[in-house]
Structures are given as C-alpha cells and as structure tokens.
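Report on the structure
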Amino acid sequence: MSDPNIEGFELEKGFKGMAKDTGSDQTMFKGVHWGKAMMWIFLLSDTFVFSCFLIAYMKGRSSTPAEWPNPSEVFALDAFGVPVPLLLIALMTFVLITSSGTMALAVKYGYEKNRKMCGYLILATALGGLTFVGMQAYEWSKLIHEGVRPWSNPFGAAQFGSFFFMITGFHGTHVSIGVIFLFIYCYKVFAGHYDKGKRGWFTKMKGDYVEVEILGLYWHFVDLVWVFIFAFFYLW
Amino acid sequence: MEDSKKREQSGSTHKIGIYLWIWGLLFVLSFFSYLVDWYQFQGMLRWSLILFFMFLKAGLIMAFFMHLYWERYALVNVLLWPMTAIVCFICLMIAEGKYTLFSRLFYFFVGG
Amino acid sequence: MSDEHENKSGYQAQSSETIHAQSSEAITGSGSGIAPDMDYVRPAELPEQDLYHPHSFIEKWVFCQDAKVIGVQYFLTAVFTGIVGLILSWLMRLQLGFPGLAGFITAEHYYQFVTMHGMIMVVYFLTALFLGGFGNYLIPLMVGARDMVFPYVNMLSFWMFFVAVVVLMASFFVPGGPTGAGWTLYPPQTILEGTPGHGWGILLMLISLSLFVIGFTMGGLNYMITILQARTRGMTLMRMPLTVWGIFTATVLAMLAFPALLVSSIMMTLDKLLGTSFFMPTILKAGEVLEYGGGSPILFQHLFWFFGHPEVYIVALPAFGIVSDLISVHARKNIFGYRMMVWAIVGIGALSFFVWAHHMYVSGMNPWFGFFFASTTLIIAVPTAMKVYNWILTLWRGNIRINTVMLWCLGFIVTFVNGGITGIFLGNVSVDVPLSDTYFVVAHFHMVMGIAPLMVIMGAIYHWFPLVAGKMLNEKLGKWHFWITFLGAYSIYFPMHYLGFIGVPRRYYEMYDSPYMTSGVGLNEFISTAAFIVGAAQLFLVFNIIKTMKTGKKAEQNPWKANSLEWYTSTVPPEHGNFGDRLPVVHRWPYDYNVPGAEQDYLPQTAAPSEVAHTEVEKT
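Residues numbered from 1 in each chain as written. Chains lettered and ligands numbered in written order. Predicted model: local features only at pLDDT ≥ 70, side-chain atom pairs only at ≥ 80, totals over all residues.

**With respect to the interface of chain B and chain A**
Our working rule: Our contact criterion uses C-beta atoms placed from the backbone: two residues qualify when those atoms are within 7 Å. Strands are runs of DSSP state E lasting at least two residues, helices are runs of H or I lasting at least four, and both sets are numbered from the N terminus onward. Throughout this entry, Asp, Glu, Lys and Arg are counted as charged residues, while Ala, Val, Leu, Ile, Met, Phe, Trp, Tyr, Cys and Pro are counted as nonpolar. The remaining residues, Gly among them, count as polar.
Each side of the interface is counted separately: chain B has 50 residues, and chain A has 52 residues. Listing elements by their share of the side of chain B that touches chain A, those giving two or more residues are helix H1 (4–10), helix H2 (16–38), helix H3 (43–65), helix H4 (73–80) and helix H5 (83–110) of chain B. Class assignment of the residues belonging to the side of chain B that touches chain A gives a composition of 28 nonpolar, 11 polar and 11 charged.

Below you can see the structure in the form of structure tokens.
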C-alpha cells in the first residue's frame, strides 16, 4: 500500500492521476518504498521468466507428434482405494492459498505494528510453504517411482517429464527460497527489529515493517505462478 | 518509510474482512477449477472455464493480496503493460506450434 | 572558473532557502495571499539516503558500495573482455584474409573464435559497459541522487558479473575449449558431438550467461528504481538528460528480455546434462537415431531472439541517449525535439519486443510470420529516423566545436545511418532471403551495433574522462585515434557489403577456390589489414590515458560548460555521496545552451527561474 498523503501531492484516481504522478519530480510511484518498487519490478522480470517457461511448454507440447499424457490420470492419487484425479495437486493448491492468506494478514498486522500477530502469521505462512515443498517432494518421488524421468516417461511424450520437472522445480525453488526468507523475517519480527529500526546485517539498511509487505509480495507471486501452473500444467 | 503511524491514521490499512473474503473466494474458485477436471469437461468449454477461473484467481491475488487495487495507477500501468509482449509471444507461439506439428506430420508421415 | 562555480552553488543555496520558507508556508496555508514564488520546488518527499561509508581499503576499492566505483569496476572488466574479443577478431581476420598463414587456427578454433567474439562483444562488453559502466557512474549523478538506491545489491551485481566473466574466460582453458556453435548457440548442433566445445565449453557458456542475467537483474533493478524513485527535487522525468532516458529504457528492456535468455540457457543446460529434449528433435547421426527426440529447435530460436532483438536496443539505446547529450553540449545548442527524442527511445524500446523473428526469416518458422515481423521491423525505422533527423537538426546552425568528442558523435551518426539503411534491406523478407547468412548481414550488424555504439563509447570516454579522473585527455592523440578508427572501420565494413552481395557466406572458415573468391580474395586481405590497423589504433586511447594520468593538464570543474548535474558535484572527481551537504535542486532541462540574454552560453539545471528572469529562456 502506498502512502496516499505525500505532502503537497494528493492522490488522484485514474489516468489523470497517473499523468500527474509521472510528470512530477522525485518519485514516479508516490509513497512507494524503494524496496517495494524494486520487488515489484523484480516480480515483473520474474513473470517474464515463468511466462517464457510456460510458453516454451505450450510450444513444446503443441508441436510434439507423440501422445501427451493425460495429467488427470498421471497425477491421480489413491484415496481409500479409489483413484481421485489431481488429489495431491488440489491439496497443494489449498495449502498454498492458505499460506497466501496468512501472509496477507501478516502484512496487515505488520502495518498495525502488531508484532506478535504478524510474527505468528509469518510463521504459519512459512509452515504452509514448508508443507507445500514437502508435498511437492512427495509428488516428485511418486512420479519418479512410476518411471517418469526428465528424459522419458512411460505415459507418452518425453517432453512431459522434462517440462514437469523443470517448471515445478523452478517454482519449488522459488517456494523454498521464500520459506527460508519467511523464517528469517519471522525471527526478525519476533526479535522486534522492525519496531526498533535495527539495521539488517546484509544491506545495513534500517528495518521497517514495509519489509514484511515486500516479502508478502514475493510470496503472493509464488502463489500467483502456481495458479498458472495449476491451470496450464495440470488442468490442460 | 517511517510514516506508518500516519498510515494508520489515514486508514490505508484495510479491514480484515476484505482479506477473509478474498481468501474464501480463492478457495471457492480453486474448487471450481478442480471441478472442471472432476467432471471431465472437454474442448472449448474446458479451456474457457480453466482460463476464466485462472484469470479470476490471479486477478484477485494481485488486486487485493498484493494491494494492486489500492496502488496508484502509475505503478499498476507500469506492471501490466509489459504483459502485451508476453501476450504477443503466446499468440505467435500458438501459431508456431501448430505449424511445426503440421510440417512434422506433413513431411515425416505424409512424406511431403 | 572556480569562482563561477562557487557563485552557482551560492545561488543554489539561496534558492533552496527560499524554497524552505515557501514550502512551510504552503503547508500551513498562511501564504495564500502572496504571489507564488517562481522558484518554488516541492519539498523533498523522502529523507536523505543514509550511505554506508567504507571503512577499509577493501570496502573502498574492492567490495565497494559506491556506484561510481562500481561503474569503473564494470567498465574495466568490460574493457578487459572487449580486448579479448578484439584479439579473437584479429585471429579470425588473420585466417580469412591470409588463409593458412597462421597454422594454429584450425576450423574448430575459427568457430570458437567466432562464437566467443560475438558473445563477448554483445553481452559482456557492450551491455556491461553501457549499463554497468556508464549506467552506474552517470545515473545517480545525473538524476541528483547520492547513490544507487540499494548500494549493497549494486555491489553484488558487479561481483556476479565478475564471476560470469571468470566462468566465461575459464571456458578457454577447459578440455575441448570454448563452444564453437556460433554466438546464437542454435541447437541441436550446439550440444552435439562434432561441434567444437560441445562438452565443457557450452556448459560454461550457459552457466556464465545465467550468472550474467542474475547479476544484471540486481543491477538493473537498481538503475530503474534510482531513476524512478530517487530523483532530486525538481528533477521530473522530462528534465532528465537523454543519457538517463537511454540507459533507463535499455534497462527496462534488459529486465524483460534477459528472462528469455535465462530460460533458454536453463533448458539447454538440461538438454546437455540430463538428456532432456526441449530443443532436440529426432536426430539421425551416422545412421543411428540419437537418444533425443520430439523437441523443437525453433523454440530455442524464438526464445533466443525474444531476448536477442531487445538486446540490440539494450546496446543501441544508451548510445542514442549519450550521443544526444554529447552533440548538444558540443554544438552548444539545445537538443532538437527533446520530447520527440524521449518518445522515440521509449517507442523503439516497446517495439523491440515485437520484431524478434526478423532474425529467423530463413529458419523454417511459420511462413505467415514474415508479414507480421517485416511490418513491425519497418515501423521501428520511423522513431529511429526521427532520432537521426533530430541529431542533425541539433547540429544545424549550432556553435559546433570540432573537438574529439564531436568527431566521434559525427562518426556515430554517419555509421548509424549506414547500418540503419542496410537494416531496411534485411527487414524485408524477400530481400533478406538471398542476403541471409552472407557478409552483408555481418556488415550490417557490425555497423549498427558494433561500430556505432563503439563510437559513442569513445566519445563518452573523451567527454567524461575529466569528470572521472579530473584530467583532460589529449586532443591531438584523440583526433588521430578517431580518424584512424573511423576510416579504418569503414575500410573493414564497407567492402563487406559488397562481399555479401556477391554471395560470400558468413561463418565459413575458408573459401578455398570457390567462385566467390575470385573477386573477394583481394578484398579479404584488404579488410584484414584494415582490421589489424583499427585494432592497434585503440592503443592511442590507452597511451592517451596513461600520458594524461602522468602529465595531463588538470581539468577545471565543468570543462565543457555543460548543464547536467554530474558537472556540479561538490568535488571533482565526485566523492561518495556526490553532492556534498545539500542535494541540488533542478529548475530546468539540461539543454539550455545559448539562451538569448544570458551572460554565458549555458544555464545549469540548477539555475533558478528568478536568476534567469532577464533571459528569454523557455520554461521546461
């Protein structure tokens, strides 16, 4: 959330406001913290990374003459003896959205300087992320057990395994990095670094609750990417 | 920066209700998109439903969880316009994928 | 001169005091009856950046967080890779001009030289030099910031780049040598046996590229956010020097285009290491079907050029921006059509994402794409031509000083027009098809993105050296340097157009006694000789720098009488924090030269309206 009250520069809605902001001096994104602007631009760049992955997947899938495996069957999971399609994926989606929600609340409580709530919610988010990574590891090992390899698989086109491991792997890497940072930030919140404005050891910059929001942006982005992977990889 | 106090006063943090609402909607939408697979819709219906739920979910996450809805327009536009390049890339690659498949089938199986 | 500068800073202090008074009035609302102060500038939105000052030699010169030092580090590293690239080009020309003279250049070596020369020059030399070198040095100074917004990340960016260069250079020493797949690294041949460096070489290349992208992302975020969010008071986007606009737009392009390179590198690494078949179709080799199958080589080309075409503008746009500033300063005239120039830069940048497949007309892609990509490609000629006209109109009736900097700028305009016109040939599918993969293409892209940006780099070095080092480079040596380089470069690339027209294919190790060579052999010797001379002529610059550092005349503050903020720092060369106690306040664009009524022929950006009320300066 940007601060709408820049001195001498009131918020105007719509394109008119945009023109005014863009034409002004000093900052273009009024009231947006440097770190937050940086995270946004980074996420834009990262969006292009994932877009390129998904475009490559789409192109690869649509031009391979071999039969593409039916994800609904490949990712089915036996529940009480009945194969339920995409059960694990549904659970993973549930976990990730849950963690996204807790993160959103953590950001809210961070801005309200509610140290404890913020910390617990970040912890919950981190645990959700960890669960997700664990489930993904289970999914991978299950598929590997069934004979799916990056270079081949028993169900059809070899590219299926290649794209699956690459894209979910890249997403999983993002989640794992996010989890690590969530734990670090959880510690920092509980230790009160953001209340005191303690300088971070890495960048030597003063701590502020806005960092929770910046981390939140990253975490929601990971969730966002999963929405696209879910749609394009598992449902298509 | 250091003006979170002012932020509180100006009321730019949001009520918890809005987050819970969006949270709930995301679960419901995910459930619906799961149902698309469950009922094994096929063809254009499947595609349009998948894309509809996908964009709706993505939009909700970006607009409310990532606060884009409350951001100034300058930031929103800077973030969304570059996507036209991706859209163009996607459209062209759809055509390219079809053409590659066509030429493979044509030359390898039909034999030119 | 120094008196004059003190005067200026005096004005500055005075005007900012009035601003303080004014702004407090504006906030309390008590001054509503008084006429608005013409010098009013909005108060600062953000508190001063707290800088981490270095405590030791290592923090000051090695792991330094000062953007200026990082800029110089980038510059030197990029120049080092550039010298390697230059030597490789010599070796290639040695083989082409005098086949068999240097026995150690085998065909495999030749391909490795071609590949490494291309990749080094495009990515590790030009991109890093413009964005990492000039970007880091100039952005904070020109927008009036104390430093980049995230100095620590900026430092990491350089060291990531450094590691990328080390990995790249390591590939010269691994078994099999560097990759020889051509700088575009097209699969499937890139990673198959028979291509030089298909083992370690290509792997190191891909790893190095990925590292470069990661490092650049860190730097690019800094450049973008510094320009967008950390400008000084009064510095609107439309008051920024075009240099900043060029670097900014190029950075945006890089942030959005490098992902495609990263993705294609990762996918090809997996193809190589794990045996996936993203880009590998079913291949018959000596009657045997390889393990690979079902992948799409053309997908790599699309991904590569989705990066590759914006990459051309990543190199060209900073050059456009810098040359606009240099021309304006040394012709003592405002840049013609500043807004048009800005929009042209932005427009070229935006369009560059919609033209990539014009590199692929003969690749076997969907034939209908030719229509789309030829159209978008030719549309790009419009903003580009606008820029050329504007440079010429800036020169028109200017008070032109034919010094070394101006010579390089003029050289740039000529070269760029040349390269641009051949680009129109190649943008059309029907003309491109016969010219594809001939020396015409080589001549085209070397003119437009090799020589032309290089001219700007040279001009920029002569222009900003007094700022960076505090000493004036020798003009006489500079002119020698220019004329030999300029005429030499034309001697190299002009004949290549002809070679292309008669059909000499590029990337061939030797022409043997093919019919092409009956008329081409003499030309090739001529081109090679010119290449040796041009390469050696760069020693003029090295010698000039050494001589200047030893005995050169000390530069006064603002020796070119320029307007932009980098010349109004508290010390020369600028110290950490750039502007001393108080950040400058900007009241105008940086192009107010020869304003009627002004005492001097330039008005710095910090000159307040009340000081120049008697002149006919326009509001900017």
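So much for the structure itself; the text now carries on.
**Details of the interface of chain B and chain C**
Taken together, the contacts link 11 residues of chain B with 12 residues of chain C. Each residue belonging to the side of chain B that touches chain C can be placed in one class, and the counts come to nine nonpolar, one polar and one charged.

**Re the confidence of the model for chain B**
In low-pLDDT regions, the fine details of the predicted coordinates are not to be read closely. Residues and elements named next belong to chain B. We count it as follows: Confidence scores per residue from the predictor, reported as pLDDT, run from 0 to 100.
Per-residue pLDDT for chain B has a mean of 85; in total, 88% of the residues score no lower than 70. Mean pLDDT across the secondary structure elements of chain B bottoms out at H1, with 42, and peaks at H3, with 93. This model gives residues 1–11 a pLDDT under 50, and the stretch forms 17 contacts once residues within four places in sequence are excluded.

**Let's talk about the nonpolar core**
Put simply, the rule reads: To form a nonpolar core, buried Ala, Val, Leu, Ile, Met, Phe, Trp, Tyr and Cys residues must be joined through C-beta atoms within 7 Å. Exposure in this text rests on C-beta crowding, where 20 or more other C-beta atoms within 10 Å of a residue's own make it buried, 12 or fewer make it exposed, and counts in between make it partly exposed. The C-beta atoms are placed from the backbone.
By size, the foremost hydrophobic cluster in this structure holds 292 residues, and its most contacted members are A:Ile41, A:Ala56, C:Met224, C:Ile225, C:Val263, C:Leu303 and C:Trp408. Here the element with the most residues in this core is helix H4 (residues 107–143) of chain C; it accounts for 24 residues. Residues contacting A:Ile41, with those up to four places away along its chain left out, are C:Leu221, C:Met224, C:Ile225 and C:Met255.

**A word on helix H3 (residues 67–97) of chain C**
The test is simple: By this rule, a helix spans an expected 1.5 Å times one less than how many residues it contains.
With 31 residues, H3(C) extends 43 Å from end C-alpha to end C-alpha; this agrees with the ideal 45 Å at 1.5 Å per step. In terms of residue burial, H3(C) counts as a mostly covered element, since 23 of its 31 residues are buried.

**Quick look at unusual backbone geometry**
Cis geometry is adopted by the peptide bond preceding C:Pro188, which originates at C:Pro187 and carries an omega value of 0°. By the element assignment, C:Pro188 lies in the loop between helix H5 (151–170) and helix H6 (200–229). Residue C:Pro573 is reached from C:Val572 by a cis peptide bond, and omega for that bond is -10°. The backbone of A:Leu86 shows a phi angle near 55°, a positive value even though the residue is not glycine. Phi is positive for C:Arg507, close to 65°, though the residue is something other than glycine. Tracing the sequence through the fold places C:Arg507 in the loop between helix H14 (475–501) and helix H15 (517–537). Judged by C-beta crowding, with 13 C-beta atoms within 10 Å, C:Arg507 ranks as partly exposed.

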